[in-house]
Amino acid sequence: MVRRTMIMKNGMIKIGILVALILLIAVGTANAQNSTISDSAVVYVAPGETYISFWINFTDPTTSGPTNLTWFNISYWNLSVVDNPAELTNIVNISLWNETSGELIAYVSNPSSFPINISLHNYQVSDGGYANISVKITINTTNLVDGKQIAFNATLKYVYNTSSGATATDITNDPAPEIINVLNATLNVTDEYAAQNQDNIVVANLAITPGNNSVSTHLDAVTFNITGITNLSPNSIKSFTLWNDTNGNGKLDPSDQPIATEPGGKLNVSFTNLTALIPAGATNHHFFLTINVSGAKVGARYQLQIFAQNIVIDQGTGDSDTKVSPTYLTIVKAEEDTTPVTLVAPGETVTAFNVTYYERTSDTDGSTIQSISIDWNKSAINLAKPSNIMNITILNATTGSLLNYTGPISSFPVTIPLNVTVPDNSSYKIMICVTASTSGLIDGKNISFNVTVRDNESEVLYASDPYPETINVLDAHVHPTFAHASEGQKFVIVANVTVDPANDSVNTYLRSITFKVTPITTLTKDYIESYILWNDTNGNGKLDVNQDTPLEKIVSPSDVNVTFTVNSLIPAGHVNRYFLTLNLSSDIPQNRIHYQVEIPAQGIVISQGSGDSKDLKFQILSVTTVRDSPVTYVHPGETYLAYNITYAENMNDVTGEQLRWLNVTGMSVGTIKDIVNVTVRNATDGTLLGYNNSFVSFPISVKLNAVVPNNGTYKLAVYVTASPSVRDGTRIALNAELKTNETYRALVVNDPSPEIASITGIRIVAPSKIYAGWSDITVKVVDPAGNPLSGCRVTLSGCGIKPITKITNKNGIALFKIFTMYGGTIKILATYTNVAGEKLTKTTYITVLPLSTSGGGQFINYIQTPTPTPKQLSTPTPTPVPTTAPTPTPKLTPIPTPTPTSTLTPTPKPTPTPTKKSPGFEAIFAIAGLISTAYILRRL
């Protein structure tokens, strides 16, 4: 029973399903598509616009009664026709209208998501009738995206049999999309050419037509990107500026408004938050992008594009296509020097440079160059003063016609008005000339301008002088001067300079010249007795102190740097030569050996200005100094240090130097007989360098072989041996000449303080015996060499006579007349003070023989004091004269000490042979003796 029941249930279910399917087929067949779709030709829709998206023509399918339209349902975008769907937020309203009656059927506002179901509220279509239904869409006014498409998949639901409630659904998809048109844009370049340094170059002329131009809107943002043709360096771009074509004439001019600026150093540029007005009704409203360039490379190119949706206005983002400028900017050379002139003389007019102005190529009405402004080109160093410029003249470089000028110049910048018309698509070349002043110029100063050319269309062309002109007041040239001098030397030339005025068509005057020592200088003002500035009057290129003109002499200078203020004529077309000489002190320390001067930049002032612009260095003067030894007094036969010579090698010579000869050329005091040897040694280590002890006349040449290193000094010790026979008080000073391997550099080195010979003992020449009675005694005092000594005190005493003192005469003789009565001894004491202040004494004796019948008062013999043993003299170390010949120096020939002899010693009378005398003779002698005694007693 149960099982049968189940079978019956299953059977009934299957029958029910079958009946339902049959009914559905029957209904579908009865209710085919009753809606036909049509679309208009509208393709683009503007922001805020309400448009008919498409039409639905609905026909009532039966005659059993009217049809009620229930729903219009939008499921999604119709992707079969839409490939770039919009956003639902782009739609403000979707509405359905009976286009025949104009009746609103239904609508939905601000749809936010799919599906969008719009209730039609059982909108009734009469039995057998039809309805022309339009689907209208209202577009939003903001945040749209240009090029987005709007087309739906939709269905129309309705009840076609109100009695039975039968329903149907028609597919009512939008067959063709509408495209949102936020804006249309075009992109062009106005300035196809620009100079290397120019402002406000139009590189993009952007024309915008809003999709809805019935209302005012604003440009809010835009981005410009370069194309592959661009090779302009980003470093050449100083800045970007975006302009609004305020007056709407389609070109950039002074009345237009800059709305944003961005720094350069890049090639792409974006602007945001602009709010730049696009007036209602505007078609192709222009915005200009300009760049300011500096130092752009000639031939560089720059081209821009705007990618899709990179323009933003109040209504949205567009254009949907990438906009590429059909042309591009090319950098051309607008700065040209037409002449090779780089130097400008006082009063001279030269072409500074040319500037080429290019009229905008998209301009159809030409342009006017209104003015040219001139300022210093501050990128050029060492600029002149405005007063150095007498005149600036502007010419048409093509025809040479004068456009305008200004001058004299007191300050920069200066603006020179122009009114030059330049036709469309053409260029105009401007020549800028400058005239230098005739006085007060500074040599080496640069004349270099920045030029600003302004036209009536806001184009600003900057040009700089590519090659500055340099003021040339004069040319000065340094010539060789003395490389060596010795202390005490006069008229040492340390500067030899020629002055050549740049403008040689007029007379010029040297006003002043400054000499400044360089850091190499060790000589100070204390060792410069005087400076003299000379004019080479006879024009032979060398100093002639008896012919050339001393312009100024500065004695005992207060500074080692010196300025001469003069008024020396330099005739037109002439070049003057000037010498600076020093008179050197005769006592320069050994560490003051170098002197060098230079004429500093602008150290020469002539009547036209100051020059030369470069430092002019002269040769380094190396001073040989002579130091005397501390020995003042020397003894006959002594070897002594005459002086030291510190030879300073020429610092301009990088090869070093050899000392070849020391030539004693003479003696400032003394004679050649006062010396017997000259020896030269290395003063540092005592090495023997050479000597000469065989000479009879000057010069006395001592051969040397000493090497002076580069930039070094060499110290020589000059030793002299005094003659053994030199007289007391003789002054000895040698003049010498030092010669090097560069033979023209012979230096005079004189002994600064003479040595004085001082004897060490004396001798007495007198009779050895006399007879009692009256005697004439001659006493002579001589030095060890036999030279007579005057002024010597000679005292006789003893043998019954009172002491008697006399002074020797110039021959060294003192005469005495004495009387002795008996035999005995007379003492002779000689005292002599030598030139060194030493008291020298000598004592000898005369024997007095008793009276004899053979006669009295006759000299029996002369006595001579023996030659004194000389003092042991200290010889300087090392001994200057070798006792044995150094190898390979030849052996010195010793000079023997001569034995003193008296030229006044009488020949003694021979002693007679004793014979027996006659008594008469003795008686007579006795009588004579008594008479003499009586005479003496009487006198007493």
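These numbers come from a predicted model, not from an experiment.

Procedures and definitions
- Residues numbered from 1 in each chain as written.
- Predicted model: local features only at pLDDT ≥ 70, side-chain atom pairs only at ≥ 80, totals over all residues.
- Heavy atoms only, no water.
- Helix = DSSP H or I, 4+ residues; strand = E, 2+ residues; numbered from the N terminus.
- Buried < 20%, exposed > 50% of the residue type's maximum accessible area, 1.4 Å probe, protein only.
- Areas by Shrake-Rupley, 256 points an atom, 1.4 Å probe, with all protein chains shown as cover.
- Pairing = 2+ DSSP bridges.
- Axes fitted to C-alpha atoms, helices over the stretch in contact; angles between N-to-C directions.
- Phe/Tyr/Trp six-rings, centres within 6.5 Å; stacked < 30°, edge-to-face > 60°.
- Lys NZ or Arg CZ within 6 Å of the ring centre and 35° of its normal.

## Notes on the overall build of the chain
Helix and strand content of the chain: 2 helices and 73 strands. Relative to its 940 residues, the chain shows a buried fraction of 48%. A total of about 43100 Å² of accessible surface is found on the chain, and carbon and sulfur atoms cover 54% of it.

## Considering the sheet that holds strand E47 (residues 549-555)
Strands sit in the order E42-E44-E49-E46-E47 across an open sheet of 5 strands; the sheet is antiparallel. A strand with exactly one partner marks an edge of an open sheet, and here the two such strands are strand E42 (474-478) and E47. Between one strand and the next, the sheet's axes are offset by a mean angle of 20°, whatever the strand orientation. Sheet analysis places strand E46 (residues 528-535) next to strand E49 (residues 576-584), joined by 7 bridges and oriented antiparallel. Following the sheet pairing, isoleucine 528 is matched in E49 by leucine 584.

## Some points on the packing of aromatic side chains
In the structure shown here, the tally under the stated rule is 12 aromatic pairs. The interplanar angle of 65° and the centroid separation of 4.7 Å between the aromatic rings of phenylalanine 58 and tyrosine 158 together place this pair among those described as edge-to-face. A residue pair is termed long-range when its members are at least 10 positions apart, and phenylalanine 58 in strand E3 (residues 50-59) and tyrosine 158 in strand E11 (residues 152-161) qualify at 100 residues. Relative to phenylalanine 564, the ring of phenylalanine 515 has its centre 6.2 Å away and its plane inclined at 75°; by these criteria the two rings are edge-to-face. Of the two residues, phenylalanine 515 is situated in strand E45 (residues 508-517) and phenylalanine 564 in strand E48 (residues 562-570); the sequence distance between them amounts to 49 residues. Taking relative accessible area as the criterion, phenylalanine 515 reaches 1% and is therefore assigned buried. On the basis of relative accessible area, phenylalanine 564 is assigned to the buried category, the value being 0%. The ring centre of tryptophan 97 lies 4.8 Å from the NZ or CZ of lysine 136, which sits over that ring. Across from the ring centre of phenylalanine 816, 5.5 Å away, lies the NZ or CZ of lysine 806, which sits over that ring.

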